[in-house]
Amino acid sequence: IRDAIQRVDDTQAGAQSAAADLLVNGRGDVHTVALAEESAELSLDLFQQVRNKFVSAYQEIMKMPM
């Protein structure tokens, strides 16, 4: 899980860096920034879906009688 969180964080940081490079330094292009932002959003959404499935499975297990 720690590795997955780190990958999502790295993707988010890369998108922010690409946007900052474009806005501040004028390097890069809008398409690259848009793709980086979309990739970061998708990785976060995927992580949240996996987390929700894990929590749901845990809750189901906890409801089982012992």
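All of the points below concern the structure found in this document. (Residues numbered from 1 in each chain as written. Predicted model: local features only at pLDDT ≥ 70, side-chain atom pairs only at ≥ 80, totals over all residues. Heavy atoms only, no water.)

1. Focus on the overall build of the protein
Piece 1. Check the secondary structure of the protein and you find two helices and zero strands.
Piece 2. For the protein, the C-alpha radius of gyration of 17 Å lies well beyond 11 Å, the compact-globule estimate for 66 residues.
Piece 3. Here the protein holds 66 residues, and the buried ones make up 11% of them.
Piece 4. In the form shown here, the protein has an accessible surface area of approximately 5600 Å², with 60% of it arising from carbon and sulfur atoms.
Piece 5. For the protein, the separation between the mean place of its 6 positive charges and that of its 10 negative charges on side chains is 10 Å. (Helix = DSSP H or I, 4+ residues; strand = E, 2+ residues; numbered from the N terminus. Rg over C-alpha atoms; globule rule 2.2 N^0.38 Å. Buried < 20%, exposed > 50% of the residue type's maximum accessible area, 1.4 Å probe, protein only. Areas by Shrake-Rupley, 256 points an atom, 1.4 Å probe, with all protein chains shown as cover. Lys, Arg positive; Asp, Glu negative; His and termini not counted. Charge placed at Lys NZ, Arg CZ, Asp CG, Glu CD.)

2. Section: the pattern of salt bridges
Piece 1. All told, the structure shown has two salt bridges when counted by the stated rule.
Piece 2. The salt bridge partner of Arg 27 is Asp 21, with a shortest N-O separation of 3.7 Å.
Piece 3. As a salt-bridge pair, Glu 60 and Lys 63 come within 3.8 Å of each other at their nearest N and O atoms. Placement of both Glu 60 and Lys 63 in helix H2 (residues 30-63) is noted, with a separation of three residues, approximately one turn of the helix.
Piece 4. When its relative accessible area of 44% is taken as the criterion, Glu 60 is described as partly exposed.
Piece 5. You can call Lys 63 exposed: its relative accessible area is 62%. (Salt bridge = Lys/Arg side-chain N within 4 Å of Asp/Glu carboxyl O.)

3. A closer look at the packing of helix H1 (residues 2-25) against H2
Piece 1. It is the contact of H1 with H2, at a shortest axis distance of 9 Å, that shows an interaxial angle of 160 degrees. The angle between H1 and H2 falls in the class roughly antiparallel. Taken as a pair, H1 and H2 cross one another with a handedness that is left-handed. Each of Ala 4, Ile 5, Val 8, Thr 11, Gln 12, Ala 15, Gln 16, Ala 18, Ala 19 and Leu 22 in H1 lies in contact with H2, whose residues at this interface are Val 30, Val 33, Ala 36, Glu 37, Ser 39, Ala 40, Glu 41, Ser 43, Leu 44 and Phe 47. (Axes fitted to C-alpha atoms, helices over the stretch in contact; angles between N-to-C directions. Parallel < 35°, antiparallel > 145°, perpendicular 65-115°, else oblique. Left-handed = near helix turned anticlockwise from the far one by under 90°. Contact = heavy atoms within 4.5 Å.)

4. Describing H1
Piece 1. In this model, H1 (24 residues) spans 33 Å end to end at C-alpha, consistent with the 34 Å of a helix rising 1.5 Å per residue.
Piece 2. For H1, the set of buried residues is Val 8, Ala 15, Ala 18 and Ala 19.
Piece 3. Buried residues belonging to H1 abut H2.
Piece 4. Within two residues after H1, Gly 26 carries a phi angle of roughly 75 degrees, on the positive side. (Expected span 1.5 Å × (residues − 1).)

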